[in-house]
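Analysis of the macromolecular model
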There are 4 protein chains.
Amino acid sequence: MKIGILTSGGDCPGLNAVIRGAVLTGDTVYESEFVGFVDGWRGVESGEVIPLPRRKVRGIGRTGGTILGTSRWNPFHGGADGAAAVARSMEETEVDALIAIGGDGTLFTAHRLAQRGIPIVGVPKTVDNDLDATDYTFGFNTAVEIATESLDRLRTTGDSHHRCMVAEVMGRSAGWIALHSGMASGAHVICIPEFPLSIQEICDFVTARMRRQPRRSPLVVVAEGFTPSDASESFSDYELDEFGRPVLGGVAQKLAPIIEERTGIESRATVLGHIQRGGAPTAYDRILATRFGMAAVQLVHAGAFGRMVSLRGTSVVDVPLSDAIDSVKTVPRERWDEVRRLFG
Amino acid sequence: MKIGILTSGGDCPGLNAVIRGAVLTGDTVYESEFVGFVDGWRGVESGEVIPLPRRKVRGIGRTGGTILGTSRWNPFHGGADGAAAVARSMEETEVDALIAIGGDGTLFTAHRLAQRGIPIVGVPKTVDNDLDATDYTFGFNTAVEIATESLDRLRTTGDSHHRCMVAEVMGRSAGWIALHSGMASGAHVICIPEFPLSIQEICDFVTARMRRQPRRSPLVVVAEGFTPSDASESFSDYELDEFGRPVLGGVAQKLAPIIEERTGIESRATVLGHIQRGGAPTAYDRILATRFGMAAVQLVHAGAFGRMVSLRGTSVVDVPLSDAIDSVKTVPRERWDEVRRLFG
Amino acid sequence: MKIGILTSGGDCPGLNAVIRGAVLTGDTVYESEFVGFVDGWRGVESGEVIPLPRRKVRGIGRTGGTILGTSRWNPFHGGADGAAAVARSMEETEVDALIAIGGDGTLFTAHRLAQRGIPIVGVPKTVDNDLDATDYTFGFNTAVEIATESLDRLRTTGDSHHRCMVAEVMGRSAGWIALHSGMASGAHVICIPEFPLSIQEICDFVTARMRRQPRRSPLVVVAEGFTPSDASESFSDYELDEFGRPVLGGVAQKLAPIIEERTGIESRATVLGHIQRGGAPTAYDRILATRFGMAAVQLVHAGAFGRMVSLRGTSVVDVPLSDAIDSVKTVPRERWDEVRRLFG
Amino acid sequence: MKIGILTSGGDCPGLNAVIRGAVLTGDTVYESEFVGFVDGWRGVESGEVIPLPRRKVRGIGRTGGTILGTSRWNPFHGGADGAAAVARSMEETEVDALIAIGGDGTLFTAHRLAQRGIPIVGVPKTVDNDLDATDYTFGFNTAVEIATESLDRLRTTGDSHHRCMVAEVMGRSAGWIALHSGMASGAHVICIPEFPLSIQEICDFVTARMRRQPRRSPLVVVAEGFTPSDASESFSDYELDEFGRPVLGGVAQKLAPIIEERTGIESRATVLGHIQRGGAPTAYDRILATRFGMAAVQLVHAGAFGRMVSLRGTSVVDVPLSDAIDSVKTVPRERWDEVRRLFG
């Protein structure tokens, strides 16, 4: 059996470990052959593949990014008959089944393809941890560790200068990275899209922290998708990207000067940006990604098309690809109430 | 309400985060007062306490070890009437309830005390991840990350010198740290107590790895509690500690020369030892430990004595302390079969 | 003898190690007593001091920032008679001599005070490595390691998406951090204030890199103080801070879209910002800072006022404070020629 | 011109950066061609080479070990006419000049070869920092950072359990790694071969530290080549390796039980071992190694055979290979006196 793998959407630490896990398992257990489609769906459409023999994946589990390249392409783009295009490509490349590694968009595409008879399974990927179909995916753990290490660093500068440090982390529609890195670094305020604080509440926390003895620098962690509940005009003009989503780097730089003006406490913005999603994955993400890759190959060989791998508790299970659709996993009320107790 | 906290048994990254989570929650939500018993049960017995006001726990969530100190003491030691001693100490120190943070021994002691009417709740702690009553505890994630980083380092030396590197990690009765760090670092053989390979099998993997192109150095990860299934005389004379358990540092140093002799491949042993359990906890462990500490205080205020906090999936729940007894969580067959597919 | 220590200017990893080195040496060798002035010169002027007994400095050598606080105050500010004010404060606080830890501004102030008879010695501090009076100072090594780790992470995202990553690091008048972190991470173009490339040259390097096989993502490292030699209008409107210097975060965000427009290669800007100067110092910086602190106390006890400690080769020596004035250490031609050979 | 590169002796972080620096410079500036001899002198003797085109060295500067392999071979071994053998191999492989990267043994061999007319230049390598012919070499900085991070971890376990932690680091004839990592981690006693303390002195420091308030765990750092000045019988029976040097892992395990017995303080030994010399080099080492590789190629093209590159202050210079012979750089008296002031 010849299996084609593709990685699609934003890069994420662990993609290469998925590829390695799949290839090693396929080679050892099933004697499958593997190829990788170059740059996600774009490579599927154009039929551009690279062979993936066992030796090609040696050592890549410890590396960031994806050796296959990625893009934001989509075979149904512009109303195209995506399934026909994919089927044609598979025939040309003699690929019998597909493993698609990607986020909600990719998994939705995979679902549509499976419905049209394409033999495909999915591996969920989201740095933001916003997919309800799995407890966690790889990449999130790495992002939280990097963000936390950076927040620990910002704190010492804040304390030395008696400044309020405002740090922006990833998270457009879900505040998981802000919640976790904020808890881990002992942030005094955490701003997430799900439970928007008002500017006044934020300033009140900042002021309260600064007044308490021993004096400590207020540390504010804000998810990139956060908008204050009493959003002033400054927040109405987010620069938007091609998908109409706020551009990374907007919110902390808007928030810091407002905090400084209202509280009189010198404030500085830092945008962690792309360093959160690059580089070597943590051991946690390497393991999860490896297990996902191994399980995906088993799904293929079991003929369980239209399904995706998923983590539930400590077990890797499989669920329908449709579970990944229309189900953004946001921070629930109880986790917000929990973290609120640590503020101030 | 005045709550006494104690940490008992081997130290573990995250203990301080538990203490901080408990104190901040108690202070914010319940206006509880906290004291810490010095050096675990020894401090309970002697009534030696230190006050734990809010400012005392600021910043400690990011630090390793325990600010309270720890010991391997036990109030029932030598047939003593532990419950009476603890009750007397609580009266003298005016402590209304106890939070005991510790491993299976400590939780068993807490269970016995609860049965005798002592108002006590438990927080599970095990670097080895060998407690069945919870999916994970804090400390394990940190240990795996440290071990993995060390294994990544050993690999380059092995590759440069064409040596077989044998690394010993923690894990007396359960091979979780070996399993996870071995998977994360791409080890070629993983030796755990649950599924003992024979020396011959280990040597076969080592030789096979060395012969395959491109030539790569064999990396063998071995849990400290491993004994080969065909244990030679060399393995029968483990040095034992006070509890009759093999002393850390025995097995890799026995295994490496045997591998070298049988395969003709130069082999070197490294014992990671105490660096696996010290120092700053990972963000993952800080978060889990903080949530455990917060939940423990809620158990106390709910009067749910005789219970302990536990992680199930992504939720912190509570279970009876008796769940922690006689239930070592070993690596199950399916995880072993899974990792075996990656060997060689 | 009672010695007062102050830290002034921007914070820097290693300040606490200087303080610890001074106090431990003074305590062990000279039986000196120490106090710290709060928030730099501001504390000197107001006479706000905290005692610095031996136990107060235990463990601080491993921490970032400064336990004394810092500010950008200056006793000669606004034409004030700084020497008189400092002398009065020393009398009130019964301080016999001062150790001033700071950058060129602070050292210039110390020089002026010494000329007016104040018993003061200096310890040089500059994250940017732009002081000619010493081979290196503490903080620079930490900043380069942090920047390099971040650049390593950006590279994997660039490679996966075939993007040009533009990373901005610290360095207003000197490009040392860009030079070193760029060399260490294998950047394809390094932009420093001393040897300004034109936008066209930068784009040529970027295009050349992208065209060569195997295709690799261009990585551009740019010092915050860089202006292209053919600076377009976009570069003429740097936002300036209170000292008339370009605000951190300006240049990469200007450069990336220009590169994208001219080369057709998708480009992304990242500003590392404050994470470069916060958090735990590297071992290198802890050692250098400790040695500087120890040597400063020896200068005080030798009565060598008006002098500062300095690293020459592997030796800590002392030089006149006047050496630190008007002598910005920029990247010399031979280091630029050297790194140019690695471009493209 | 065709240049052959070899790496010889123990592996060391930075070897690959030297190779990369040489190849990139040779390619860009001189249009030289490069080959690598496999496994050091063994490959020179057997004429086993691998081509080193520019693309082969891309990205390797960030990796540990050596892509060329290494061994402890020596062409003069057993009285052989090494120069004739090397000359013959160079002729067969059409190599015009050699760059030998290695420690004192390798540099001595290179010196002998140069004296016999072989066109060869040297690059010094020593993790232990024990070569007098250069201020520092690559690898040492990485080793100190790894050791320091491990010592920081051991400290928290020591403090929690009130134990004395004894950590053994590399350093057979020179105590540089112990000196630097001990200073950086704030160790209470540092034991180096150059200035042997007696067991009684060590125990006195340990006891003094434990008695002082606040109670802190004594941390003892010991170089592997240390022998107490009053060496008991236990220290007379070091296991020796093939070169008659004490085997790594001997001294801490001898010292800890003696300390425990004499002071009554529970003591634990940890041997850091091979993790100190493997894995990714620090930015510092990548830069130094890159500069060394670049400079070595320039020496070759200048015909400066019989010379080696060297760091003096911040400059890369060149010195005769004979400077590397018979000149072990040990810790000098003033550095020992300096660190002694921090003990206890």
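Just so it is clear, the structure is predicted and the values come from calculations on it, not from any experiment.

Let us look at the interface of chain C and chain A. With 34 residues of chain C at the interface, the matching set in chain A holds 34 residues. For the pairing of chain C and chain A, the buried interface totals around 2,500 Å² over both sides, and the portion due to carbon and sulfur atoms is 50%. Of all residues in chain C, the largest losses of buried area upon contact with chain A belong to Arg153, His274 and Ile275 of chain C, amounting jointly to 27% of the total for that side. Our enumeration of links across chain C and chain A arrives at zero salt bridges. Across the contact surface, chain C and chain A share 16 residue pairs in polar contact (both at pLDDT 80 or more). Elements supplying a minimum of two residues to the side of chain C that touches chain A: α5 (140-161) and β9 (267-271) of chain C. No other element matches the 10 residues that α5 of chain C contributes to the side of chain C that touches chain A.

Turning next to the relation of the copies chain C and chain A. Mapping chain C onto chain A is achieved by rotating through 180 degrees and translating by 0.0 Å along the same axis, at an RMSD of 0.0 Å. The superposition operator between the copies reduces to a two-fold rotation axis. Residue by residue, 100% of the interface of chain C is reproduced at the interface of chain A, so both copies engage with the same surface.

For the pair chain B and chain A, the best superposition has an RMSD of 0.0 Å and corresponds to a rotation of 180 degrees with a translation of 0.0 Å parallel to the axis. Of the residues that chain B buries at the interface, 100% are likewise interface residues in chain A, meaning the two copies contact each other through the same surface.

Right, let's talk about the domain arrangement of chain A for a bit. All names here are of chain A. Partitioning chain A into domains gives domain 1 (2-127 + 282-324) and domain 2 (140-276). Each of domain 1 and domain 2 was reduced to a C-alpha centroid, and the two centroids are 35 Å apart. Facing seven residues of domain 1, the contacting portion of domain 2 comprises eight residues. Between domain 1 and domain 2, a total of about 620 Å² is buried, with carbon and sulfur atoms accounting for 58% of that surface. When the buried surface of domain 1 facing domain 2 is broken down by residue, Arg72, Val127 and Thr282 rank first, second and third, together holding 63% of it. Linking domain 1 to domain 2 there are zero salt bridges. Along the contact surface separating domain 1 from domain 2 lie three residue pairs in polar contact (both at pLDDT 80 or more). Here the residues of the side of domain 1 that touches domain 2 are counted per class, giving three nonpolar, two polar and two charged.

With that out of the way, let us pick up the pattern of salt bridges. Considering all chains together, one arrives at 56 salt bridges over all chains under this definition. Note that Glu338 of chain D and Arg335 of chain D form a salt bridge whose closest N and O atoms lie 3.1 Å from each other. With Glu338 of chain D and Arg335 of chain D both in helix α10 (residues 333-340) and three residues apart, this pair spans about one turn of that helix. This pair shows no difference in class: Glu338 of chain D is buried, exactly as Arg335 of chain D is. Among the charged side chains, a network of salt bridges with common partners joins Arg163, Glu266 and Arg268 of chain A.

Another point: unusual backbone geometry. All names here are of chain B. Of note in this structure, Glu31 is not a glycine but carries a positive phi near 55 degrees. By secondary structure assignment, the location of Glu31 is in the loop between α1 (15-30) and β2 (33-37). According to the relative accessible area criterion, Glu31 is exposed, its value standing at 68%. Of note in the backbone geometry, His162 takes a positive phi value of approximately 55 degrees without being a glycine.

For an α-helix the count is 3.6 residues per turn, leaving residues at separations of three or four pointing the same way. All names here are of chain D. The terminal C-alpha atoms of helix α4 (residues 104-115) lie 16 Å apart, and with 12 residues this matches the ideal 16 Å at 1.5 Å per residue to within 8%. Listed as buried for α4 are Thr106, Leu107, Thr109, Ala110, His111 and Leu113. Buried residues along α4 sit against α2 (41-46), α3 (82-92), β4 (97-102), β5 (120-124) and β10 (307-312). Just beyond α4, the residue with positive phi is Gly117, at close to 95 degrees.

Residue and element names in this part refer to chain A. An ideal rise of 1.5 Å per residue puts 18 Å on 13 residues; helix α8 (residues 251-263) measures up with 18 Å between its terminal C-alpha atoms. For α8, the set of buried residues is Val251, Ala252, Lys254, Leu255, Ala256, Ile258, Ile259 and Thr263. Turning to α8, the residues buried within the fold contact β6 (164-169), α7 (199-211), β8 (219-223) and β9 (267-271).

On the chain A side, the residues contacting the 45 residues of chain B number 45 residues. Taking both sides of the interface into account, the surface hidden between chain B and chain A amounts to around 3,900 Å²; carbon and sulfur atoms contribute 55%. Where chain B packs against chain A, one counts four salt bridges. Its salt-bridge partner being Arg291 of chain A, residue Glu338 of chain B comes within 3.2 Å of it at the nearest N-O pair. At the surface where chain B touches chain A, the tally comes to 14 residue pairs in polar contact (both at pLDDT 80 or more).

This part covers the packing of helix α1 (residues 15-30) of chain C against helix α9 (residues 283-301) of chain C. To characterise two packed helices, one gives the angle between the axes of the helices and the distance between these axes. Residues and elements named next belong to chain C. Look at α1 against α9: their axes get within 7 Å of each other, and the N-to-C directions meet at 45 degrees. Looking at the two axes, α1 sits oblique to α9. Where α1 crosses over α9, the handedness of that crossing is right-handed. Here Ala17, Val18, Arg20, Gly21, Ala22, Thr25, Gly26 and Tyr30 of α1 lie close against α9, whose contacting residues are Arg286, Ala289, Thr290, Gly293, Met294, Val297, Gln298 and His301. Here the contact of α1 with α9 is built from residues that sort into seven nonpolar, seven polar and two charged.

Turning our attention to the side chain of Thr70 of chain D. On the secondary structure map, Thr70 of chain D appears in the loop between β3 (49-51) and α3. Using a relative accessible area of 2% as the deciding quantity, one classes Thr70 of chain D as buried. Of the polar contacts made by the side chain of Thr70 of chain D, one reaches the backbone oxygen of Thr7 of chain D; its length is 3.3 Å. If we ignore the near neighbours within four places in the chain, the residues touching Thr70 of chain D are Ser160, His161 and His162 of chain B together with Thr7, Ser8, Gly9, Asp39 and Gly40 of chain D.

The next subject is the packing of helix α6 (residues 176-185) of chain B against helix α10 (residues 333-340) of chain B. Residues and elements named next belong to chain B. Closest axis-to-axis distance for the α6/α10 pair is 11 Å, and the angle between their directions is 30 degrees. Comparing the axis directions of α6 and α10 gives the class roughly parallel. α6 and α10 meet at a crossing whose hand is left-handed. Contacts from Trp176, Leu179, His180 and Met183 in α6 reach Arg335, Glu338 and Val339 in α10. Across the contact of α6 with α10, the residue classes tally to four nonpolar, one polar and two charged.

What counts and what doesn't
Residues numbered from 1 in each chain as written. Chains lettered and ligands numbered in written order. Predicted model: local features only at pLDDT ≥ 70, side-chain atom pairs only at ≥ 80, totals over all residues. Heavy atoms only, no water. Contact = heavy atoms within 4.5 Å. Buried area = accessible area lost by both parts, 1.4 Å probe. Salt bridge = Lys/Arg side-chain N within 4 Å of Asp/Glu carboxyl O. Polar contact = N/O pair within 3.5 Å; in protein donor to acceptor, adjacent residues only side chain to side chain. Helix = DSSP H or I, 4+ residues; strand = E, 2+ residues; numbered from the N terminus. Least-squares fit on C-alpha atoms with pLDDT ≥ 70 in both. Domains from an automatic or database assignment. Nonpolar A, V, L, I, M, F, W, Y, C, P; charged D, E, K, R; others polar. Buried < 20%, exposed > 50% of the residue type's maximum accessible area, 1.4 Å probe, protein only. Expected span 1.5 Å × (residues − 1). Axes fitted to C-alpha atoms, helices over the stretch in contact; angles between N-to-C directions. Parallel < 35°, antiparallel > 145°, perpendicular 65-115°, else oblique. Left-handed = near helix turned anticlockwise from the far one by under 90°.

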